[in-house]
Protein chains: 2
Amino acid sequence: VDQRTGLPVVAMVGGGQLARMTHQAAIPLGQALRVLATDPGEPAALVAPDVVIGDHRDLDALRRVAAGAEALTFDHEHVPEELLRALVADGVTVHPGPDALRHAQDKLVMRRRLAALGEPVPPFVEVPGDGEGALEVLADFAAEHGWPVVLKAVRGGYDGRGVWVLDDADAARATVPDLVAAGVPLMVEQRVVLRRELAAVLARSPFGQAALYPVVETVQVGGICTEVLAPAPGLDEEAADAAGALALRIAGALGVVGLLAVELFETPEGRLLVNELAMRPHNSAHWTQDGATTSQFEQHLRAVLDYPLGSTAATAPACVMANVLGGDPVPGIGMDERLHHTLARFPEARVHLYGKGERPGRKIGHVNVTGARVADVRARARLAADHLSTGVWSDGWSSH
Amino acid sequence: VDQRTGLPVVAMVGGGQLARMTHQAAIPLGQALRVLATDPGEPAALVAPDVVIGDHRDLDALRRVAAGAEALTFDHEHVPEELLRALVADGVTVHPGPDALRHAQDKLVMRRRLAALGEPVPPFVEVPGDGEGALEVLADFAAEHGWPVVLKAVRGGYDGRGVWVLDDADAARATVPDLVAAGVPLMVEQRVVLRRELAAVLARSPFGQAALYPVVETVQVGGICTEVLAPAPGLDEEAADAAGALALRIAGALGVVGLLAVELFETPEGRLLVNELAMRPHNSAHWTQDGATTSQFEQHLRAVLDYPLGSTAATAPACVMANVLGGDPVPGIGMDERLHHTLARFPEARVHLYGKGERPGRKIGHVNVTGARVADVRARARLAADHLSTGVWSDGWSSH
């Protein structure tokens, strides 16, 4: 408890944009988030007053950020499980706890658990950690399921990193031995032919209350989420209910506390397969900041503090989130100038910047637009986000 | 400019809830507000990383918070005009500037200016600073306009402080000499018979762009705003347009930059009279956080930075803000427990807490509720806010 206010303290491991936006959401709840950041220039450390500088793999740093907090939670999945168990042994309230979080940390653990639960996942198999054995397993797997196959690092991948699509045995020979030699634990799964990707996001509290957001479509380019369409256009009620029920079953079975994002493949036949799990605020629910009654960031705080959860109702018929990726902006046109022009053209656009440097492909912000028709809303969100990236209107529009 | 992000720095004088919520709104714009607070326990200082501790009447403190900022703006009106002029002479960009802000600092300056502009204000007169003369002026004024009259401190009042309704000459004799002896500069004005109070809130940028929010009804109890109904129920379009046009004329004539709240009396005949001006985010527009596309806090930042202004469109047919006043809570039921129960009953309520101690009558938070029908929305906002104040459901509801 914060002695100055009598209100709870939440500690978050990681100082990225998710922690930044969680701090923003903590303010109306009467709180200030305590953040463990590795550098004072990280997105959350730029805006929050209570920052512990330290490494998420350092138990002392974790203990410092957890001291006196009602709950410890996460901006990312990278805290080693044994350190989480040490914190739990200390008496720290860790949400999600290590028994749940390992399913978001380790793709093989997750796949095996979901398969055991009878939940739909693509066919997969572990790739052994020796070069010849690995290639043999891949060849056997491809013989059964066909090329291409998807090779994944079991841990640590994000935004398309740690995922390799292997078209054939030659590609496997060119890729796998180096990874195996580097000690990267690997798995392989079927390349699912898909119509599109969906996400079902919910929050679950220790009490067991769960609240599901409308199911969304996520658009990926090169493994990076570029747009989220809320609700998923044209998804019939039965399919949306099925996706939601699947996410609720997983949250309950794994004992998730906080946000759970279930990334789904929708096949051309309308089947749903679980792709990934995330147990934290997630890019697929950034739209909730401006398109739902309760944002995912407030909801995550409410869940980890065991507050009653907020309404997940959409506030408009359509909301589209477009990510702003670090790009190759027109020389001399800084973000401030790009922001001016973006706000001038789209006074209804909700811009969220993270305070990050503009490295190519890096998520440095996003734009939410709400409205009546998804196509129109999507076009505006895309134009705004691209302009923030590049300083160029991708439709050729000029104000001059 | 913040060298870490390339984005502008805004300094705000005052560390109260308005600065707290402005910091919250600065985060998505890629910024962190720099705050001048008198105490590290003030609402904004609890949540913002860049806090200068100092007094707003201390030029050195003002210079420290302004150093390197793109714009200096305000959480309150209490910075002495001569210090603002010294900052302007230093080259600081002060928004609103002292020539505008004096109309929010000094009720007599404001009344005289608006009267000179031909804008509707209640009849008023300055009360001289000597005991006998003051009573004589009051008696003459009452002879012309009738008792009761409203005595106002020319400077420094808020939330009903600095306003005295005098029923008759005896009340004047009991009140005025002490104030005069204490050196309080005074004015008197007609007690307007009113149907209700309204507020027209807009933002204006240095470029001259102005953006008006829907006109609202404000409900006052004992001089303290308790509820705001957006839009003002039953206000016909012509009257709303007139109120908005009045606010836009005032903003332009006074050269306001940033938010301007024009508090209005609506008479039983439908006439509008200007009551007060505020040139900062204002209680009458807290509803915009959850009921409008762009919140007043973001809009104020956009205005003082000369960004294009955001859409002021309402996002729902009705939004009601109810203030949470420090009260007399049920012993042993802390804010955290009251918050739990409030969120449980009203998952759609948007709660905003300021991190302030619970002194009776003090504004310690507010609740926004949006929906289709104002009466229903108002009832829920009121119940939620009262429960946060007291731990009691004012409709007798019990969850047990």
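Since the structure is predicted, the reported quantities are computational estimates derived from the model, not experimental observations.

Asker: Explanation requested: the relation of the copies chain B and chain A in the structure shown.
Answerer: In this arrangement, two copies of a chain are superimposed by a rotation about an axis accompanied by a shift along the axis. For the pair chain B and chain A, the relating rotation is 180°, the translation along its axis is 0.0 Å, and the fit reaches an RMSD of 0.0 Å. The symmetry that links the two subunits is that of a two-fold axis. No C-alpha of chain B approaches the rotation axis more nearly than that of Pro49(B), which lies at 2.0 Å. A symmetric contact is evident, with 100% of the interface residues of chain B recurring at the interface of chain A.

Asker: For this particular structure, what's the right way to read the pattern of salt bridges?
Answerer: It is possible for side chains of opposite charge to pair when their charged atoms get near one another. All names here are of chain B. Counted according to the given criterion, the structure contains 58 salt bridges over all chains. Here Asp106 and Arg155 are joined by a salt bridge, their closest N and O atoms 3.5 Å apart. Highlighted residues: Asp106 in the loop between α4 (98-105) and α5 (107-116) and Arg155 in the loop between β6 (149-153) and β7 (163-166), separated in sequence by 49 residues. A relative accessible area of 42% means that Arg155 is categorised as partly exposed. Arg302 is the salt-bridge partner of Glu298, the closest N and O atoms lying 2.7 Å from each other. Placement of the pair is Glu298 and Arg302 together in helix α10 (residues 296-304), with a separation of four residues, close to one helical turn. For Glu298, a relative accessible area of 4% gives the class buried.

Asker: What is the right way to read the interface of chain B and chain A from this model?
Answerer: For interface size, the figure often reported is the accessible area lost on association. Across the contact, 44 residues belong to chain B and 44 residues belong to chain A. Where chain B abuts chain A, roughly 3600 Å² becomes buried across the two surfaces, and 60% of that area is made up of carbon and sulfur atoms. If you look at where chain B meets chain A, you find two salt bridges. The shortest N-O distance in the salt bridge between Arg350(B) and Glu298(A) comes to 2.7 Å. Secondary-structure elements contributing two or more residues to the side of chain B that touches chain A are α1 (17-26), α10, α11 (335-345) and β16 (350-353) of chain B. If one sorts the elements of the side of chain B that touches chain A by residue count, α11(B) sits on top with six residues. Tallied by class, residues from the side of chain B that touches chain A come to 22 nonpolar, 14 polar and eight charged.

Asker: It is not clear to me how the packing of aromatic side chains should be interpreted in this structure. Could you clarify?
Answerer: Aromatic ring pairs: the centre-centre distance and the angle between the two ring planes describe each pair. Tallying each qualifying case throughout the model produces six aromatic pairs over all chains. Taking 6.2 Å as the distance between ring centres and 75° as the angle between the ring planes, the aromatic pair formed by Tyr213(B) and Trp287(B) counts as edge-to-face. Of this pair, Tyr213(B) sits in the loop between β10 (210-212) and β11 (216-221) while Trp287(B) sits in the loop between β14 (272-278) and α9 (288-291); the two residues are 74 residues apart in sequence, bridging distant segments of the chain. The class for Trp287(B) is buried, based on a relative accessible area of 2%. Where Trp393(B) meets Trp397(B), the ring centres are 5.6 Å apart and the plane angle is 90°; that geometry is what we call edge-to-face. Residue Trp393(B) is classed as buried on the basis of its relative accessible area of 9%. Put simply, the rings of Phe346(A), Trp393(A) and Trp397(A) pair up and form one aromatic cluster. In this arrangement the basic side chain of Arg345(A) is found over the ring face of Trp393(A), its NZ or CZ atom lying 4.6 Å from the centre.

Asker: What's the story with the nonpolar core in this structure? I'm lost.
Answerer: Most often, soluble globular proteins have nonpolar side chains that are buried together. Within the largest apolar cluster, 46 residues are counted, with the highest numbers of intra-cluster contacts made by Leu72(B), Ile250(B), Leu260(B), Val274(B), Leu277(B) and Met279(B). The biggest single contributor to this core is helix α8 (residues 237-254) of chain B, with seven residues. If you look at the next biggest cluster of nonpolar residues, it comprises 45 residues, including Ala61(A), Met110(A), Leu202(A) and Leu277(A).

Asker: Is there a simple way to think about the pairing of strand β2 (residues 34-37) of chain B in this case?
Answerer: Remember that side chains alternate between the two faces of the sheet whenever the strand is regular. All names here are of chain B. Of the two faces of β2, the one carrying Arg34 and Leu36 and the one carrying Val35 and Ala37 are both buried. In the sheet, strand β1 (residues 10-13) pairs with β2 via three bridges, with the strands oriented parallel. Paired with Met12 across the strands is Val35, a residue of β2. Traced from β1 through α1 to β2, the parallel crossover comes out right-handed. Across four bridges, β2 lies against strand β3 (residues 50-53) in parallel orientation. Its bridge partner being in β3, Val35 is matched across the sheet by Val51.

Asker: Explain the sheet that holds β7(B) here, please?
Answerer: Sheets are built from strands that pair by backbone hydrogen bonding, the pairs being arranged parallel or antiparallel. Residue and element names in this part refer to chain B. Within the open sheet, the four strands sit side by side as β5-β8-β6-β7. Their pairing is antiparallel. The open sheet has two edge strands, β5 (124-127) and β7, and neither has a second partner. Averaged over all pairs of adjacent strands, the angle between strand axes in this sheet comes to 25°, irrespective of strand direction. Taken together, the four bridges between β6 and β7 define a ladder with antiparallel strand orientation. Each residue of the ladder has a partner; that of Val149, found in β7, is Leu166. Docked against the sheet, helix α6 (residues 131-145) engages β5, β6, β7 and β8 (186-190), running at close to 170° with respect to β5. Sheet strands touched by helix α7 (residues 169-181): β6, β7 and β8. Its angle to β7, the strand with the most contacts, is close to 150°.

Asker: Where do I start with the pairing of strand β13 (residues 258-266) of chain A in this structure?
Answerer: Residues and elements named next belong to chain A. Extensive coverage of β13 is indicated by the burial of nine of its nine residues. Of the pairings in the sheet, the one linking strand β9 (residues 196-204) to β13 comprises nine bridges and is antiparallel in character. The residue of β13 that forms the bridge with Arg204 is Gly258. Direction of pairing for β13 relative to strand β14 (residues 272-278): antiparallel, over a ladder of six bridges.

Asker: What should I look at first to understand the sheet that holds β3(B) in this one?
Answerer: Residues and elements named next belong to chain B. Strand order in the open sheet formed by four strands is β3-β2-β1-β4, and the pairing between neighbours is parallel. The open sheet has two free edges, formed respectively by β3 and β4 (71-74), since each of these has just one partner strand. On average, adjacent strands in this sheet sit at an angle of 25° to one another, irrespective of strand direction.

Asker: When you look at unusual backbone geometry in this model, what are you seeing that I'm missing?
Answerer: Most peptide bonds are trans, and most residues other than glycine sit at a negative phi. Residue Pro96(B) follows His95(B) across a cis peptide bond; omega there is -5°. Looking at where Pro96(B) falls in the secondary structure, it is placed in the loop between α3 (81-90) and α4. Note the cis peptide between Ala230(B) and Pro231(B), where omega equals -5°. Its place among the elements puts Pro231(B) in the loop between β12 (224-230) and α8. In this model, Asp306(A) sits at a positive phi of 60°, which is unusual for a non-glycine residue. Turning to its location among the elements, Asp306(A) is positioned in the loop between α10 (296-304) and β15 (318-325). Residue class for Asp306(A) comes out partly exposed when judged on its relative accessible area of 29%.

Analysis parameters
- In this convention, every chain numbers its residues from 1, walking through the sequence in written order.
- Chain letters start at A and ligand numbers start at 1, both assigned in the order the entries are written.
- In keeping with the model being predicted, local features are shown solely for residues with a pLDDT of at least 70 and side-chain atom pairs are shown and tallied solely at 80 or more, while totals for entire chains, interfaces and linings include all residues.
- Side-chain metrics in this entry use all non-hydrogen atoms of the structure; hydrogen atoms and water are not considered.
- Least-squares superposition of the copies uses the C-alpha atoms of those residues scoring a pLDDT of at least 70 in each of them.
- Whether two residues are in contact is decided by their heavy atoms, any of which lying within 4.5 Å being enough.
- Each salt bridge in this description consists of a side-chain nitrogen of Lys or Arg and a carboxyl oxygen of Asp or Glu lying within 4 Å of one another.
- The helix and strand labels rest on DSSP assignments: H or I over at least four residues marks a helix, E over at least two residues marks a strand, and numbering proceeds from the N terminus.
- Each residue is placed in one exposure class: buried if its accessible area under a 1.4 Å probe, protein chains only, is under 20% of its type's maximum, exposed if it is over 50%, and partly exposed if it falls in between.
- Note on definitions: buried area is the accessible-area loss of two parts on being combined, 1.4 Å probe, summed for both.
- Gly counts as polar in this scheme, as do all residues outside two lists: the nonpolar Ala, Val, Leu, Ile, Met, Phe, Trp, Tyr, Cys and Pro, and the charged Asp, Glu, Lys and Arg.
- Any two rings among Phe, Tyr and Trp, with Trp reduced to its six-membered ring, count as a pair given centres within 6.5 Å; such a pair is stacked if its planes are under 30 degrees apart, edge-to-face if over 60, and tilted if neither.
- Charge-over-ring placement is defined geometrically: NZ (Lys) or CZ (Arg) within 6 Å of the ring centre, and within 35 degrees of the ring normal.
- What is meant by a nonpolar core is a set of buried Ala, Val, Leu, Ile, Met, Phe, Trp, Tyr and Cys residues, joined one to another through side-chain atoms within 4.5 Å.
- Each pair of strands is called paired provided DSSP finds at least two bridges between the two strands.
- We call a crossover right-handed when, viewed with both strands directed away from the observer, the connection leading from the first strand over the helix to the second proceeds clockwise.
- Working convention: axes come from line fits to C-alpha atoms, limited for helices to the stretch in contact. Angles between N-to-C directions cover 0 to 180 degrees.

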